[in-house]
Every structure is written in C-alpha cells, then in structure tokens.
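Architecture at a glance
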Amino acid sequence: MAAFTANDAALKLLGDAVPLFQIILLRGVMTSMLIAGMAWQMGALTFRIPKADRGLIALRCLAEAAAAWFFLTALFHMPIADLTAILQALPLSVTLAGAVFLREPVGWRRFIAIGIGFYGVLLIIQPGADGISLYALLGLATVAAATMRDIVTRKLSRDVPSLTVTFFTALSVGAFGGVMGLGQDWVVMTTWDMGVIVFASLMIMLAYFAIIVAMRTGEIGFVAPFRYSGLLVALVLGWVLFREWPDLLTLVGAGVLIATGIYTLYREAKVKAASQKR
C-alpha cells in the first residue's frame, strides 16, 4: 500500500505537465520491462496460460486498465488523501462482491457493517445540492473496477505464476494508455519528468507484485486490513508534497470505513475458523 501511494503521489506531481495517457503508456512500458526482466531471472515468466485462466487474466487486465484511468483522472483533480479515503471502501465491496458472485457466505452482521461503511463513503464524497463531484464518482468507479480485479484474482489457478499475471497487467495498462493517447498531443519531457516516471514505475511494479502474491497466498482476513495503511501514507504525502489536508467529514467517513472494514474482516475470519472446527 505504501508503494501504491508513493506511485500515486509521484504521478500527481506530473499532472499539470504531462498528458494523462502519455503518463500511463510510459509507466506501463517501463514497468513491463522491469517485471519481464525480474520474471525471466526467476523463471516465473510463461506464456503457456491454461485455457481456463486466459479469460480471467484478460478480464483482470481490463479491470486494472479501467481502474488506472478512473483513478488517475480523479487524482489530478482532487486531494490524494480524499481519493485514498474513498478507496478504503474496497475491502467492503470485495466482501459484498464475494457474496454475490462467488457465493461466499456473508452473515447479517457483515451486511450491516457494509451498509454502515457505505454511509462513511457518503460522508467522504459529501453530496450536496449540486450533486456529487464528478471526480468523487470516478473514485467510486475505481473501487468498482478494483473490486472486479480482486475477485478475478481469487479465481485464478495456481498454475499461473504471480509475476506472469503482474507482467500482463502492466503491459495491458500501458497498451491502453497508448491506444487512448493516439488523439492526444504529447509533450517533450524533462529529465525530472522522466525521473518521476521511473520512480513511479518501480513503485507500481512492487505494488502489483505484492498485491497479487498477498491475495493469492495470504488469508484474506489477515491481508485485507493492511489496505488501510495506504491512507496514513496518503495523509503524510498529501501534506508534505501538496499542502493538502482532508476536512473533518472526510476524516470521520474514513474512520467509519476503516472501523466497519476491520469488523467485517474480523467476522469473516471468525466464521471461517468456526466452520473449520466442524
């Protein structure tokens, strides 16, 4: 989560200087090269994907590309901590999606916690007489796309190495940026701009790999709460780099999301432990 947030902050620094799809393409190309080199050295890069996993990987890549587009568009127009706070709804949405699409058992306590958590989202986006901000809606769209990504990740077989999934993900996001940027005017980048892109590529490579390994090998009840650490990093970087600080309602909403998310994960772990004893 620290790597994801460091990547976000780095790209936000480029928001006014470099077009969005130019950033996505260049970061995707660099990240793909770094991941391919690492996977090749570790013998973890393969193009022999089982038929059952090909569609899942394609769907995961599509979800990741959509999430990147929604997120970066919102990031360039709203405070990083506010957007990160919206993303704290992800563990709740993954739990809900697991119940709906994977038939995972979710009791009434967790459903209530999810409902309260989504009230926390309303506190963050603060809909008023003029409606909800477009960029807050893009933050919610990011949550939806990332939920699909995580659900699909859990359906992948263990025959596909994590670094292979990471490589295809980075490559697809970069290709998406290239296609969408065909009608955009590119700019000549400075040495500083390129340095920021390289740093962001290193961070996103680390983040991609870590989240895939965590979701595929760790107990979800243990892994998922670590998502909330990204908000702390976003608060610090938002203040240090951009002099941004969330208002009280946003902080309260984030607190509600974190509390309900942790409770939901606690109940999930408790129910699972009880079922294993039977």
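**A look at the nonpolar core**
- Judged by nonpolar contacts, the single largest core of 74 residues is most densely connected at Leu-11, Ile-23, Leu-72, Leu-75, Ile-86 and Ile-197.
- In terms of residue count, the dominant contributor to this core is helix H9 (residues 191–217) (11 residues).
- For Leu-75, the residues in contact, after removing those within four places along its chain, are Asp-8, Lys-12, Ile-80 and Leu-83.

**Quick notes on the pattern of salt bridges**
- Under the definition given, this model contains 4 salt bridges.
- The residue Glu-244 makes a salt bridge to Lys-12 at a minimum N-O spacing of 3.8 Å. Of this pair, Glu-244 sits in the loop between helix H11 (229–242) and helix H12 (248–277) while Lys-12 sits in helix H1 (residues 2–13), and the two are 232 residues apart along the sequence.
- Between Arg-149 and Glu-64 there is a salt bridge whose closest N-O contact spans 3.4 Å. One end of the pair, Arg-149, is in helix H7 (residues 134–155); the other, Glu-64, is in helix H3 (residues 51–75), and 85 residues separate them in sequence. Note on accessibility: Arg-149 and Glu-64 belong to one class, buried.
- Here the salt bridges do not stand alone but share partners, grouping Glu-64, Arg-149 and Asp-150 into one network.

**Thoughts on helix H2 (residues 20–42)**
- In this model, H2 (23 residues) spans 33 Å end to end at C-alpha, consistent with the 33 Å of a helix rising 1.5 Å per residue.
- The positive-phi residue at the C-terminal boundary of H2 is Gly-43, with phi of around 65 degrees.

**A few points about a nonpolar patch on the surface**
- A grouping of Leu-13, Trp-192, Val-236, Trp-239, Val-240, Leu-241, Trp-245 and Leu-251 is seen on the molecular surface, where their side chains present a nonpolar patch of about 840 Å² in accessible area.
- As for its position among the elements, Leu-13 is in helix H1.

**A few points about empty space enclosed by the protein**
- Following the criterion strictly, the structure yields 2 cavities of 30 Å³ or more and no others.
- Size it by volume and the largest cavity reaches roughly 420 Å³.
- Around the largest cavity, the lining is made up of 23 residues, and of these Phe-4, Asp-8, Phe-71, Leu-87 and Arg-149 lie nearest the centre.
- Residue contributions to the lining of the largest cavity peak at 5 residues, all from H3.
- Split by residue class, the lining of the largest cavity holds 12 nonpolar, 6 polar and 5 charged.

**So, the packing of H1 against H9**
- Between H1 and H9, the shortest axis-to-axis distance is 8 Å and the interhelical angle comes to 155 degrees. By the angle class used here, H1 and H9 are roughly antiparallel. Here H1 and H9 pass one another in a crossing that is left-handed. On H9, the residues touching Ala-3, Phe-4, Ala-6, Asn-7, Ala-10, Leu-11 and Leu-13 of H1 are Trp-192, Val-196, Ile-197, Phe-199, Ala-200, Met-203, Ile-204, Leu-206, Ala-207, Tyr-208 and Ile-211.

**Section: the environment of Ala-214**
- The topology assignment puts Ala-214 in helix H9.
- Judged by its relative accessible area of 21%, Ala-214 is partly exposed.
- For the pair Ala-214 and Thr-46, spaced 168 residues apart in sequence, the C-alpha to C-alpha distance is 20 Å.

**Re the packing of helix H8 (residues 162–180) against H9**
- Contact geometry of H8 with H9 gives a least axis separation of 9 Å together with a crossing angle of 135 degrees. In this view, H8 runs oblique relative to H9, as classed from their interaxial angle. Judged by the sense of rotation from one axis to the other, the crossing of H8 with H9 is right-handed. Facing Ser-162, Leu-163, Val-165, Thr-166, Thr-169, Ala-170 and Val-173 of H8, the residues of H9 in contact are Tyr-208, Phe-209, Ile-212, Val-213 and Arg-216.
- Broken down by class, the residue content of the contact of H8 with H9 amounts to 8 nonpolar, 3 polar and 1 charged.

How each quantity is defined
Residues numbered from 1 in each chain as written. Predicted model: local features only at pLDDT ≥ 70, side-chain atom pairs only at ≥ 80, totals over all residues. Heavy atoms only, no water. Core = buried A, V, L, I, M, F, W, Y, C linked by side-chain atoms within 4.5 Å. Buried < 20%, exposed > 50% of the residue type's maximum accessible area, 1.4 Å probe, protein only. Helix = DSSP H or I, 4+ residues; strand = E, 2+ residues; numbered from the N terminus. Contact = heavy atoms within 4.5 Å. Salt bridge = Lys/Arg side-chain N within 4 Å of Asp/Glu carboxyl O. Expected span 1.5 Å × (residues − 1). Patch = residues over 30% accessible without salt bridge, like charges linked within 9 Å, V, L, I, M, F, W, Y side chains within 5 Å. Areas by Shrake-Rupley, 256 points an atom, 1.4 Å probe, with all protein chains shown as cover. 1 Å grid on protein atoms, 1.4 Å probe; cavity = no way out; pocket = protein on both sides within 12 Å on 5 of 7 lines; lining within 4 Å. Points joined across faces, edges and corners; volume = space filled by probe spheres on them. Nonpolar A, V, L, I, M, F, W, Y, C, P; charged D, E, K, R; others polar. Axes fitted to C-alpha atoms, helices over the stretch in contact; angles between N-to-C directions. Parallel < 35°, antiparallel > 145°, perpendicular 65-115°, else oblique. Left-handed = near helix turned anticlockwise from the far one by under 90°.

Purely spatial values, then, with no claim about function.
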